[in-house]
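# Notes for the structure review
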Amino acid sequence: MALVLYDTWQRALVPFTPSSRTAVGLYCCGPTVYDYAHIGNLRTYLFEDWLRRALEFNGHAVRHVINVTDVGHLTSDADSGEDKMEKGSRRHGRPALEIADYFLAAFRRDWERLNLLPPAVWCRASEHIAEQIAFIGDLAARGYTYRTDDGIYFDSSRIADYGFLARLDRDGLAAGIRVDSGQKRTATDFALWKFSPVGVRRQMEWDSPWGRGFPGWHIECSAMARRYLGDDFDIHCGGEDHIPVHHSNEIAQNQACHGGRGARRWMHGYFLKVRPEQGGEAGKMSKSSGDFLRLDSLLARGFDALAYRYLCLTAHYRHQLEFSWEGLAAAQTALDRLREAAADAPDGGQPDAALMARFALEIDNDLNLPRALALAWEVARGPLPPAERRATLLALDAVLGLGLEHWRREDAPARARELAQSREAARGARQWQEADRLRAAIEEMGWRVDDTPAGPRLMPRRLPG
Ligand code: AMP
Ligand code: ZN
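All of these numbers come straight from a predicted model, not from anything done at the bench. (Residues numbered from 1 in each chain as written. Chains lettered and ligands numbered in written order. Predicted model: local features only at pLDDT ≥ 70, side-chain atom pairs only at ≥ 80, totals over all residues. Heavy atoms only, no water.)

## Brief notes about the overall build of the chain
Using the following cut-off: Segments assigned H or I by DSSP are reported as helices when at least four residues long, segments assigned E as strands when at least two residues long, and all are numbered from the N terminus. Atoms counted for the radius of gyration: C-alpha only. Globule rule: 2.2 Å times residue count to the power 0.38. The cut-offs for exposure are 20% and 50% of the maximum accessible area for each residue type, with area from a 1.4 Å probe on protein chains only; residues under the lower value are buried, those over the upper are exposed, and the others partly exposed. Two residues form a contact once any of their heavy atoms are found within 4.5 Å. The Shrake-Rupley method, run with a 1.4 Å probe sphere, supplies the accessible areas, and residue values consider only the shown protein chains as cover. The charge count includes Lys and Arg as positive and Asp and Glu as negative, but it does not include His or the ends of the chains. All charge positions are set by atom: Lys at NZ, Arg at CZ, Asp at CG, Glu at CD.
Summing up its helical and strand segments, the chain has 15 helices and 15 strands in all. Against the compact-globule benchmark of 23 Å for 465 residues, the chain has a radius of gyration of 23 Å, which places it among compact chains. When its C-alpha atoms are laid out on the principal axes, the chain stretches across 70 × 60 × 40 Å. Each of the 465 residues in the chain was classed as buried or not, and the buried ones make up 56%. Pairs at least 24 apart in sequence give 74% of the contacts found in the chain among residues at least 6 apart. Carbon and sulfur atoms provide 49% of the accessible area of the chain, an area that totals close to 19,500 Å². Charged side chains of the chain number 60 positive and 64 negative; the gap between the two group centres comes to 1 Å.

Have a look at this one:
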C-alpha cells in the first residue's frame, strides 16, 4: 500500500504522489514569537514532524520550511487590534526584535527537546518584506486589491470558490466575522499591507509603493512558501484553527497570483485541549491570555519532554486530545518501559521484517500512530530475541522519534558537567548573563541543560531520529 494522507481541501484520504523527483516540499506555519509556545502549539509541530518522518520512511527526501511570524499578526485575526509583537514589546519593556529573538530561541530549545527534526529553512517574516511587497504588487497588477484609509486590502469577492477549504459559504463566513469591517467592501476581505497609523511610531515598519507600514499576516506565508518551495509544491500544514481564515486567505492570494493553490494538499493537526483544573484557561490554552502550559511547565514537574511526545502519539492527529497530568504520568511510565525494552539488548540485530511491514501499513494509513505505537509494544513484550527486539524498536523509532537508540547514552563529559555546575552558581547569584553564556558554552559542546525540580539535567542536544 502506498502512503495515503488526508487532504482538507478534498475532505478525503488521497494517495500521496510527490510533485517532483527531487524533494517533497512541506511548508508549516510556525510560531508567532511574542511569547513562549504552549504545549498545544507543540502538538501541531509534533504532527508535522511525524508527517515528515513518514514521508522519509517512504523514501522521499523532504524540504521542510517553517516560518516565524515576527510582524503583522494582529490580536484579532480580522485585521483589527494591535500587532502582537508590538504589544509583547510593551509588556516586557524591550524592543520588539529583541522579544522575537528571545522567544524564537526558547522555541528552538523546545524543538530540540521534543526531538523534532531540524527544518531545511527557518524563515522570518521581517526578513522577507521585499518578497511580500512583490507578491502584493502582483495582486495589485491583476486587480485583486483596493485601498482604504488604513491599508491595502484583498478583494475576496473576485475568487469564485473563496472559503472552499473551510466549506463555509460566503455569507456564513461573513456572519462569523463580528468586528466592524470598516471600509472593507466585503467582510471576508483582509489586509495585505497596513499603513502605520498617523502619529504613532511603530518599531517595525517599512516603505512600500503604497506608503509606510507593515505586511498583513496571510501574505507572509504565501510569499515565503513561494520563495522557498515555488508555486506548486506538495503539502502545507498548520493547526485546525487555520482552516477558516489564515489558510483560506493564503489560498485566495495564491489563486489570484498564479491560479493554483500553492500547495497541492493542505493538512491540519487538531487541537490539544486543557481543562482549567489542569492548568489551561477555560480549556482554551490561549497564548494571548498568557495563561497556558508550556514545555517547561512539564519539565518543572519532573517529566521528560519526550513523555509529552509519547502522550501525543496516543491520539490520531485528526482528533482533539485532552491533556491531563495523569495521562502524562502514564506516558512517562510507558516511555521508560519502552526505553528499557530497547536498551537491554546488544546491537547488531536485524529488524523483524513482518513486523516492519505491519508498521508501514499503519503509518501509510494517514499516520495511524496510536496503532503504530501498539506495534512497538508488541515488539517490546513479544518473543523476539533481544538483539532483534532492539533493532526492530529502533527501526520503528525512525518514525516515532522517541530517541530510543539514544537511551543507552554515555554520561555527559566532565567539562559539560563542570559548566553546568558553574551555571547553577551563576543562577544562584542571579547573574543571568553569565548563566546564559554558560548555557551557550554547554550547547556548543553538543549538550544542553534541562532545569528540573531535581536540579539541572544534562541531555545530548540532538537525539538521533
Ligand atoms: P501561533 O504561535 O499562535 O501562531 O500558533 C502556532 C501553531 O499552533 C499553529 O499551527 C496553530 O494552528 C497551532 N495551535 C494553536 N493552538 C493550538 C492547540 N491548542 N492545539 C494544537 N495546535 C494549536
Ligand atoms: Zn501561515
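## Focus: unusual backbone geometry
Here the phi dihedral of Arg 11 falls at roughly 50°; this positive angle occurs in a residue that is not glycine. Structurally, Arg 11 is set in the loop between β1 (4-7) and β2 (12-15). For Asp 366, which is not glycine, the phi torsion reads 50° and is therefore positive. By secondary structure assignment, the location of Asp 366 is in the loop between α11 (353-364) and α12 (369-381). On the basis of relative accessibility, which here comes to 2%, the residue Asp 366 falls in the buried class.

## Focus: the side chain of Glu 48
The criterion, for reference: For this analysis, a salt bridge means a side-chain nitrogen from Lys or Arg found within 4 Å of a carboxyl oxygen belonging to Asp or Glu.
Along the chain, the position of Glu 48 falls in helix α1 (residues 39-57). Of the side chains with opposite charge, Arg 52 lies nearest to the buried Glu 48, which makes no salt bridge, at 10 Å. Setting aside its immediate chain neighbours within four residues, Glu 48 contacts Leu 26, Cys 28, Cys 237 and Gly 238.

## Structural notes on the domain arrangement of the chain
Test applied: The split of the chain into domains comes from an automatic or database domain assignment. The term buried area means the drop in 1.4 Å probe accessible area that two parts suffer when joined, counted for both and summed. Here a polar contact is recorded for every N or O atom pair within 3.5 Å, except that within protein the pair must consist of a potential hydrogen donor and a potential acceptor, and residues adjacent in sequence are included only if both atoms are side-chain atoms. Charged means Asp, Glu, Lys or Arg here, nonpolar means Ala, Val, Leu, Ile, Met, Phe, Trp, Tyr, Cys or Pro, and polar covers whatever is left, Gly included.
By the assigned domains, the chain splits into domain 1 (4-269), domain 2 (276-406) and domain 3 (414-460). Placing a centre on the C-alpha atoms of domain 1 and another on those of domain 2 gives a separation of 30 Å. Every contact between the two is made by 33 residues of domain 1 and, on the other side, 43 residues of domain 2. Each partner contributes to the roughly 3,200 Å² buried at the junction of domain 1 and domain 2, and carbon and sulfur atoms together form 62% of this total. For the domain 1 face of the interface with domain 2, the top three residues by lost area are Ile 39, Arg 43 and Trp 50, together amounting to 26%. Seen at the junction of domain 1 and domain 2, the total is two salt bridges. Where Asp 49 meets Arg 309, a salt bridge forms, and the shortest distance between an N and an O atom there is 2.8 Å. There are 17 residue pairs in polar contact (both at pLDDT 80 or more) connecting domain 1 and domain 2. Among the secondary structure elements, those contributing two or more residues to the side of domain 1 that touches domain 2 are β1, α1, α3 (96-113) and β11 (262-269). Top contributing element to the side of domain 1 that touches domain 2 by residue count: α1, with 13 residues. Partitioning the side of domain 1 that touches domain 2 into residue classes produces 18 nonpolar, eight polar and seven charged.

## As for helix α15 (residues 432-444)
Quick reminder of the rule: For a helix, the expected span equals 1.5 Å multiplied by the residue count minus one. Along the arc lie the directions from the helix axis toward the C-beta atoms.
Taking 1.5 Å per residue, 13 residues should reach 18 Å; α15 reaches 18 Å between its end C-alpha atoms and fits that length. Buried within α15 we find Ala 435, Leu 438, Arg 439, Ile 442 and Glu 443. Seen from one end, α15 has its buried residues packed into an arc of 140°, which puts them on one side. For α15, the exposed residues set more than 90 degrees away from the buried face come down to Gln 433, Asp 436 and Glu 444. Following α15 by one or two positions, Gly 446 adopts a phi angle in the positive range, close to 90°.

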